[in-house]
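# Structural overview for review
One-letter residues, chain by chain:
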Amino acid sequence: MTFQNTREFARELDSKDTLNHYQEQFIFPKVNDKRVIYFTGNSLGLQPKRTKAYIDEIMNDWAELAVEGHFYAEKPWWDYQERFAEPLSKIVGALPSEVTVMNTLTVNLHLLMVSFYQPKGKRYKIICEEKAFPSDQYMFQSQVHFHGYKPEDAIVEIKRREGEHNIRLEDVLAKIEEVGDELALVLIGGVNYYTGQVFDIKTITAAGQKAGAKVGWDLAHAAGNIKLELHDWNVDFAAWCSYKYMNSGPGNASGVFVHERHHNDPDLPRFAGWWGHNKERRFKMEPNFDPVHGAGGWQISNLPVLSLAPYLASVEMFAEVGMDALIKKRDHITSYLEFILHEIDKEVAGNFEIITPSNPEERASQLSVFLHGEGRSLFDYLMKNGVITDWREPNVIRLAPVPLYCSYEDMYDFGQILKKGILGK
Ligand SMILES: Cc1ncc(COP(=O)(O)O)c(C=O)c1O
Ligand SMILES: Nc1ccccc1C(=O)C[C@H](N)C(=O)O
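Just so it is clear, the structure is predicted and the values come from calculations on it, not from any experiment.

## Here we look at the environment of Gly296
Along the chain, Gly296 falls in the loop between β12 (254-258) and α10 (305-321). In the structure, Gly296 is positioned 197 residues away from Val99 in sequence and 7.2 Å away in space, judged by C-alpha atoms. Beyond its immediate stretch of four places on either side in the chain, Gly296 contacts Thr100, Trp275 and Gly276.

Structural data, given as structure tokens:
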């Protein structure tokens, strides 16, 4: 399709978009009395209008039933997380028993590392991506320290080549082979938070496992954004937060995947708590831990139901829409945004550099753009004019045209505001 940088053309695309009406289901902040163009769904998704009712339901049950709500609420609290199994497993390509929701992302990755990072003898190294999200870096450092190793020895980063912004698959595979029988764990972000690069999870997982390591994924920027087949790809474990593409609210609950083949492994260490104990016997207050079969066996505490409620609202919305429809629009609107950026770049004789891969297989709902020659004042101009993006040093803006609530006309309007911001200075 040949794109055009006109409002009529963008409106035409909106009129053909089968997901267009979903915008109405979200609450947008307003700037100058107009709803914003929201590009930061990769950091914090917008609030779906339906979410409040899910929270109110818990508040009402709490008011009316108090402690009895655990068992007698319409959606009883004690096994509330089981409502996620069906819809969430479809979103991440898992069996229902392979997923659960609990805690928050970094906490869950730590808990999963307890099970899947078991350094022994010469096999103690972790492969991760260079410049992983800082929380992951701190996690790796503290984990290897906990096991008595030195981060500079035990953590092996896959580097970008000189002058390149993205990590090459061949370099990941070569590093795995090089570390070989010293490799205990590969743990990478499925979608890089800074560049938006999508990694080949299937191929990297197979290579890591062939080298004798466990392979896990931080899916913070992947869940609800890319097609995942965690079960079929044989991923050992994964975790993600729900507040980005899955719109469950600030700091909210995290999802966890543990592959079926680990469910009954008696040798796998884990940090246990009563919510991971045999569901039928949980309230018998027995002394010995008998884990739930499945990812639920990694739960520790009773559920923060008030924070799961918005996530349930979101998961049900995703089940309605389906990942295939989302991904179809995602690719199209991302390409349209890319086109708009190139057009504006020409019009302002600018020097934009999109550092996200241009290959649609290696990107999803994010374009990270180096605005060479521009400064923070441009970012401030965009914010003041109703375009919410984020700014990462030195001068990269990240734009996530989330398919559930961004329109093609938003992309056109953004281009016009960007042009004014650059030419008007
Ligand atoms: C890739 C990645 N990992 C980890 C985190 C941290 O998650 P949390 O603060 O929920 O543990 C984030 C975002 O905050 C992220 O983007
Ligand atoms: N949870 C947050 C709280 C405060 C500020 C940012 C975040 C983010 O999630 C940042 C996100 N991980 C990112 O990729 O930028």
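## A short note on the UniProt feature "modified residue: N6-(pyridoxal phosphate)lysine" (unreviewed entry) in the protein
This chain's UniProt record puts "modified residue: N6-(pyridoxal phosphate)lysine" (unreviewed entry) on Lys244. Its place among the elements puts Lys244 in the loop between β11 (237-241) and β12. Beyond its immediate stretch of four places on either side in the chain, Lys244 contacts Gly41, Asn42, Ser43, Leu44, Gly45, Ala220 and His221.

## Observations regarding the site of ligand 1
Taken together, Leu105, Thr106, Phe133, Asp136, Asp218, Ala220, His221, Tyr243 and Lys244 make up the full set of residues near ligand 1. Here a nitrogen atom of ligand 1 sits 3.4 Å away from a polar atom, N or O, in the side chain of Asp136. Between ligand 1 and His221, the relevant distance is 3.0 Å, taken from an oxygen atom to a side-chain nitrogen or oxygen of the residue. Surface burial for ligand 1 is 82%, taken as the share of its 400 Å² of free accessible area covered by protein chains.

## Brief notes about helix α9 (residues 201-210)
Taken together, the buried positions of α9 are Ile201, Ile204, Thr205 and Gly208. An end-on view of α9 places all buried positions within 100° of arc, on one side of the element. Turned more than 90 degrees away from the buried face of α9, the exposed residues are Lys202 and Lys210. Summarising the contacts, the buried residues of α9 are in contact with α8 (169-179), β9 (183-189) and β10 (214-218). Where α9 terminates, the next one or two residues include Gly212, which has phi positive at roughly 95°.

## What about the UniProt feature "binding site: pyridoxal 5'-phosphate" (unreviewed entry) in the protein?
Those places that UniProt annotates as "binding site: pyridoxal 5'-phosphate" (unreviewed entry) correspond, in this numbering, to Leu105, Thr106, Phe133, Pro134, Ser135, Asp136, Asp218, His221, Tyr243, Trp274 and Asn302. Across 198 residues of sequence, these annotated residues are also dispersed in space, with a maximum C-alpha separation of 31.4 Å. For Phe133, a relative accessible area of 36% gives the class partly exposed. Trp274 sits in the partly exposed class, given a relative accessible area of 37%. Trp274 has contacts with Arg282, Phe283, Met285, Ile300 and Asn302, leaving out every residue within four places of it along the chain.

Definitions and cut-offs
Residues numbered from 1 in each chain as written. Chains lettered and ligands numbered in written order. Predicted model: local features only at pLDDT ≥ 70, side-chain atom pairs only at ≥ 80, totals over all residues. Heavy atoms only, no water. Helix = DSSP H or I, 4+ residues; strand = E, 2+ residues; numbered from the N terminus. Contact = heavy atoms within 4.5 Å. UniProt positions renumbered as here; feature names shortened; annotations may be inferred. Near = heavy atom within 4 Å. Polar contact = N/O pair within 3.5 Å; in protein donor to acceptor, adjacent residues only side chain to side chain. Areas by Shrake-Rupley, 256 points an atom, 1.4 Å probe, with all protein chains shown as cover. Buried < 20%, exposed > 50% of the residue type's maximum accessible area, 1.4 Å probe, protein only. Arc of directions from axis to C-beta.

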